[in-house]
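Geometric and topological summary
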Amino acid sequence: MPALIPDIVATVVALTLAQQLEQTISFGIFVLGAALATLSALAWRRERDRRMAVVAVGYL
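Residues numbered from 1 in each chain as written. Predicted model: local features only at pLDDT ≥ 70, side-chain atom pairs only at ≥ 80, totals over all residues. Heavy atoms only, no water.

A closer look at the packing of aromatic side chains
What the rule picks out here adds up to zero aromatic pairs. Here the guanidinium or amino end of Arg-48 rests over the ring plane of Trp-44, the centre of that ring lying 4.6 Å away. (Phe/Tyr/Trp six-rings, centres within 6.5 Å; stacked < 30°, edge-to-face > 60°. Lys NZ or Arg CZ within 6 Å of the ring centre and 35° of its normal.)

Pasting the structure below:
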């Protein structure tokens, strides 16, 4: 059993370039969506407009 652990770790850690690119882009989209949701929520707090609440929830 201890001999299998390095093989499993090497398999999990070794990602192809396409997988790394996909993860990086997905994380970037997540961060952008979170930033836009935060800004929309702040705008909603200032304006108290129902449409801004919908936009904030949409980005979230």
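A few points about unusual backbone geometry
Trans peptide bonds make up the majority, and among non-glycine residues the majority have a negative phi. Here Arg-48, not a glycine, exhibits a phi torsion of approximately 55°, which is positive. Along the chain, Arg-48 turns up in the loop between helix 2 (17–47) and helix 3 (50–59). What makes Arg-48 exposed here is its relative accessible area of 56%. (Helix = DSSP H or I, 4+ residues; strand = E, 2+ residues; numbered from the N terminus. Buried < 20%, exposed > 50% of the residue type's maximum accessible area, 1.4 Å probe, protein only.)

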